[in-house]
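# Remarks on the overall topology
Here is how the chains run, residue by residue.
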Amino acid sequence: METQSEHMCFGGTQGVYTHESAVCACHMTFGLFLPAEAQHGPVPVLWYLSGLTCTHENAMTKAGAQVWAAQHGVALVFPDTSPRGADVADDQSYDLGQGAGFYVNATQTPWASNFQMWDYIATELPALLAQSFAIDPDRQGITGHSMGGHGALTLAMGLPGHFKSVSAIAPIANPSQSAWGRKQLEAYLGPDETLWGAHDATLLMQDTGFDGPVLIDQGGSDQFLDLLKPEALSHAMALRRQQGTFRIHEGYDHSYFFVASVMEDHLDFHAEALYA
């Protein structure tokens, strides 16, 4: 692992690091904020998964999360959204290929060689963090925006006991029934739609739910509402009587201005669960 940068931030350290990923077969970059408490022992960690076209840097610089993480003594991990590099498969469209990993383990050519983002987030990067930094692997929460909200929800429900809390901001909520999902799931996983259910938050909510608190925030003026399908997830949560909160915020769109507006609430939500 190589340190690209480290800056003091709200009494802690905001770093950017690169490493060789075995599962993605390329160099990967991630951001990590460590609060001051990490100087004295392991701290709980909140994963932030970003959306389409993003890198590790978008949320790290735009979400305003560090100030709230510092107040709660919580580490923040900002992984990249996909493998990258000259030898990594890509597509000319913004919603497939590099920058659009969708947090799945691809099985189809040409994606399978590198696009193993589920294993990267679930297994490889957590092991590296626990080995290299003062991170408590038994106290993890996960959140994300848009495609990252999809990833946060599917990882949390697909890995029972792995995360103590999950939240999402404007998530792609029902990808198997959306143009933001069907194209990508077929490209990465193949045409057998029975294999897509493990990566659809609405279907997972119907089948298993989450053994813990859930927080969903959605902008009421989001320009991508028809692609996100938040109503499907809200309905599934209600039918399941899932412990959680689903909020619609009038006037807010899909931008990082919305993300920053609700970030304090999400850090408060996760800190309560992680320090319980």
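Coordinates for the structure precede this section.
Report on the accompanying structure. None of these values were measured; they are calculated from a predicted model. (Residues numbered from 1 in each chain as written. Predicted model: local features only at pLDDT ≥ 70, side-chain atom pairs only at ≥ 80, totals over all residues. Heavy atoms only, no water.)

## Overview of the overall build of the protein chain
Looking only at helices and strands, one finds 9 helices and 9 strands in the protein chain. Relative to a compact globule of 276 residues, whose C-alpha radius of gyration would be 19 Å, the protein chain shows 17 Å and is just as compact. In terms of overall dimensions, the protein chain has a C-alpha envelope of 50 × 45 × 35 Å along the principal axes. Burial statistics for the protein chain: of 276 residues in total, 58% are counted as buried. Looking at the protein chain alone, contacts between residues at least 24 apart form 73% of all its contacts between residues at least 6 apart. (Helix = DSSP H or I, 4+ residues; strand = E, 2+ residues; numbered from the N terminus. Rg over C-alpha atoms; globule rule 2.2 N^0.38 Å. Buried < 20%, exposed > 50% of the residue type's maximum accessible area, 1.4 Å probe, protein only. Contact = heavy atoms within 4.5 Å.)

## A few points about the side chain of Thr 154
Within the fold, Thr 154 resides in helix α4 (residues 147-158). A distance of 3.0 Å separates a polar side-chain atom of Thr 154 from the backbone oxygen of His 150. There is a polar contact of 3.2 Å between the side chain of Thr 154 and the backbone oxygen of Gly 151. With residues near it in sequence (within four places) discarded, Thr 154 still touches Trp 118, Ala 198, His 199, Asp 200, Ala 201 and Leu 204. (Polar contact = N/O pair within 3.5 Å; in protein donor to acceptor, adjacent residues only side chain to side chain.)

## What about the environment of Ala 271?
Relative to the helices and strands, Ala 271 resides in helix α9 (residues 256-274). Its relative accessible area of 7% is what places Ala 271 among the buried residues. Note: C-alpha distance between Ala 271 and Arg 139 (132 residues apart in sequence) is 9.9 Å. If near-sequence neighbours (up to four positions away) are discounted, Ala 271 is found in contact with His 72 and Val 74.

## Points about the packing of helix α2 (residues 65-72) against α9
At their nearest, the axes of α2 and α9 sit 9 Å apart, and the two run at 30 degrees to each other. By the angle between their axes, α2 is roughly parallel relative to α9. The chirality of how α2 crosses α9 is right-handed. Judged by residue contacts, Ala 65, Trp 68, Ala 69 and His 72 of α2 engage Met 263, Glu 264, Leu 267, Asp 268 and Ala 271 from α9. (Axes fitted to C-alpha atoms, helices over the stretch in contact; angles between N-to-C directions. Parallel < 35°, antiparallel > 145°, perpendicular 65-115°, else oblique. Left-handed = near helix turned anticlockwise from the far one by under 90°.)

## Some remarks on the packing of aromatic side chains
Here the structure, examined in full by the defined rule, presents 8 aromatic pairs. Considering the side-chain rings of Trp 180 and Phe 224, the 4.9 Å spacing of their centres and the 40 degrees angle between planes classify their relative orientation as tilted. Pair noted here: Trp 180 is in helix α5 (residues 179-189) and Phe 224 is in the loop between β8 (214-219) and α7 (225-228), with a separation of 44 residues, a long-range link. The class for Phe 224 is partly exposed, based on a relative accessible area of 26%. (Phe/Tyr/Trp six-rings, centres within 6.5 Å; stacked < 30°, edge-to-face > 60°.)

## Some details on the side chain of His 150
Along the polypeptide, His 150 turns up in helix α4. Using a relative accessible area of 0% as the deciding quantity, one classes His 150 as buried. At 2.9 Å, the side chain of His 150 forms a polar contact with the backbone oxygen of Phe 102. Once you skip the residues sitting within four places of it in the chain, His 150 turns out to touch Phe 102, Tyr 103, Pro 171, Ile 172, Pro 175 and His 199.

## Comments concerning the sheet that holds strand β1 (residues 2-9)
Strands in a sheet are paired, the pairing made by backbone hydrogen bonds, and the direction either parallel or antiparallel. Taken together, 9 strands build an open sheet; the order of strands is β1-β2-β3-β5-β4-β6-β7-β8-β9 and the sheet is mixed. A strand with exactly one partner marks an edge of an open sheet, and here the two such strands are β1 and β9 (244-249). Strand after strand, the sheet turns through a mean of 20 degrees between neighbouring axes, direction not considered. Here β1 runs beside strand β2 (residues 12-21); their pairing, made up of 7 bridges, is antiparallel. What sits directly across from His 7, in β2, is Gln 14. Packing against the sheet, α2 makes contact with β1, β2, β3 (26-34) and β5 (75-79), and its axis sits at approximately 145 degrees to β5. (Pairing = 2+ DSSP bridges.)

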